[in-house]
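Secondary and tertiary structure notes
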Amino acid sequence: MEDLLRWADYQTELGGMFQGKFEEWIQRPEFELLNGKIQLIFTSPPFALNNKKRYDNHQGEAYKHWLASYAPIFRRLLTDSGSLVIEMGNAWEPRLPVMSTLALEALLDLKRAGDFYLCEQFVVHNPARLPSPAQWVTINRNRVTDSFTHIWWLSNTPYPKADNRSVLRPYSKAMLRLLERGTYNDGKRPSEHVVGAESFLKNNGGSIPKNVLEFSNTSSSDPYQKYCKENGILVHPARMNIGIPNFFIKFLTDSNDIVLDPFAGSNTTGSSAEALGRSWLAFEPVADYVAGSRGRFPGLD
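Definitions and cut-offs
- Residues numbered from 1 in each chain as written.
- Predicted model: local features only at pLDDT ≥ 70, side-chain atom pairs only at ≥ 80, totals over all residues.
- Heavy atoms only, no water.
- Buried < 20%, exposed > 50% of the residue type's maximum accessible area, 1.4 Å probe, protein only.
- Helix = DSSP H or I, 4+ residues; strand = E, 2+ residues; numbered from the N terminus.
- Pairing = 2+ DSSP bridges.
- Expected span 1.5 Å × (residues − 1).
- Arc of directions from axis to C-beta.
- Contact = heavy atoms within 4.5 Å.
- Core = buried A, V, L, I, M, F, W, Y, C linked by side-chain atoms within 4.5 Å.
- Phe/Tyr/Trp six-rings, centres within 6.5 Å; stacked < 30°, edge-to-face > 60°.
- Lys NZ or Arg CZ within 6 Å of the ring centre and 35° of its normal.

**Brief notes about the pairing of strand β7 (residues 148–155)**
- Burial analysis of β7 places seven of its eight residues in the buried class, the great majority of the element.
- Relative to β7, strand β3 (residues 78–88) runs antiparallel, the two being bridged by six bridges. Paired with I86 across the bridge in β7 is W152.
- In this structure, strand β6 (residues 117–125) lies alongside β7, joined through eight bridges in antiparallel fashion.

Right under this line is the structure:
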């Protein structure tokens with residue numbers, strides 16, 4: 001497996017970044033070594049938009065068929081305890097102030113085509129998101145800013161590898177005071193839940209995260225963008241905050257696992273996996289995006 005991940009004849013000097021379409025690379029006989037070896041497929045494919053973008057999103061029914069076509073490949077690559085985590089952005093109907101169900105339909109088609117289990121839904125809120133869709137938010141003023149995307153956690157089994165102790169959040173000041181005090185208001189709540197007298201007195205090192213995550217995309221001078229500007233390379237228009245793959249890689253993998261991103265873009269996933277000590281592979285057909293991904297690895301000569 002290490003020979004494949006460091007296969008100099010077929011990859012850039014980044015280690016696991018392959019230029020070209022994932023579905024074409026993965027058909028090569030050498031990549032049969034990956035079957036059943038990927039612990040996490042984490043990806044943000046081109047969104048199900050109803051207007052053509054330069055990063056080659058598919059549209060309408062074609063998008064659903066395109067995404068579902070990857071399901072059997074994903075299932076074949078994953079370990080028995082592996083996970084598929086996929087970001088699906090919102091879509092709006094053309095020239096109408098109403099949301100499209102295309103992304104949800106595409107997700108369901110992917111789930112059925114791969115016979116996956118849906119483990120959990122996450123929402124990623126971007127508080128710095130610019131007002132959009134602009135026509136309905138800033139001009140007609142009859143909608144509010146669409147500021148979140150969905151992330152869906154799928155797997156081959158109802159019990160994939162996962163440990164929320166790997167992604168604990170720091171305790172709030174109120175919780176730290178409660179732990180120091182050793183008492184709180186226990187008993188039956190109006191919701192009929194019963195809170196035991198010692199249920200919250202154990203210090204577990206942090207609190208369990210909620211499935212609503214918050215990350216901003218506001219930086220205009222990070223190493224990736226700086227590298228692209230200095231080298232005249234096209235900056236990817238839909239970059240992900242690295243905190244998102246960090247969360248799921250910590251949550252769903254261990255240090256000896258392999259992470260795969262079939263729609264890598266600027267390779268945020270690979271950068272996160274590298275920093276967290278995981279092996280990784282990433283695929284991207286646009287040469288500029290592959291070249292620019294060097295900026296994700298500041299120490300690379």
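**Concerning the environment of N231**
- With respect to the helices, strands and loops of the structure, N231 is situated in the loop between α8 (223–230) and α9 (243–252).
- Distance from N231 to A291, taken between C-alpha atoms, is 9.5 Å for residues 60 residues apart in sequence.

**Concerning helix α5 (residues 102–114)**
- For α5, with 13 residues, the first-to-last C-alpha span of 18 Å sits near the 18 Å given by 1.5 Å per residue.
- All of the buried residues in α5 are L102, A103, A106, L107, L110 and G114. The arc that holds the buried residues of α5, viewed along the axis, is 135 degrees, so those residues lie on one side.
- Of the surrounding secondary structure, the elements contacted by the buried residues of α5 are α3 (60–68), α4 (71–77), β3, β5 (99–100) and β7.
- Backbone geometry just downstream of α5 places D115 in the positive-phi region, at approximately 50 degrees.

**Thoughts on the environment of G265**
- Within the element layout of this structure, G265 appears in the loop between β11 (258–261) and α10 (268–275).
- When the C-alpha atoms of G265 and S44 are compared, they prove to be 8.6 Å apart, with 221 residues separating the residues in sequence.
- Apart from the residues lying within four places of it in its own chain, the contact partners of G265 are M17, H236, E284 and Y289.

**Structural notes on the nonpolar core**
- Ranked by internal contacts, the top residues of the largest apolar core, which has 32 residues, are F22 and M88.
- When residues no more than four places from it in sequence are discounted, the contact partners of M88 are F47, Y63, L67, A103, A106, L107, T149, H150 and W152.

**A short note on the packing of aromatic side chains**
- With the rule as written, the count across this model stands at 21 aromatic pairs.
- For the ring pair F18 and F31, a centre distance of 5.6 Å and an interplane angle of 70 degrees mean the geometry is edge-to-face. Here the residue F18 occupies a position in strand β1 (residues 17–19), and F31 occupies one in the loop between α2 (22–25) and β2 (38–43), the gap between them amounting to 13 residues. The residues F18 and F31 share a single accessibility class, namely buried.
- Their ring planes at 65 degrees and their centres at 6.1 Å tell us that F122 and F247 sit as a pair that is edge-to-face. Highlighted residues: F122 in strand β6 and F247 in helix α9, separated in sequence by 125 residues.
- Its relative accessible area of 3% is what places F122 among the buried residues.
- Feature note: the residues F18, F22, W25, F31, Y63, W66, Y70, F74, F263 and F283 constitute an aromatic cluster, connected by ring pairs.
- The residue whose ring lies beneath R28 is W25, and the NZ or CZ to ring-centre distance is 4.1 Å.
- When the ring centre of Y224 is taken as reference, the NZ or CZ atom of R296 above it lies at 4.5 Å.

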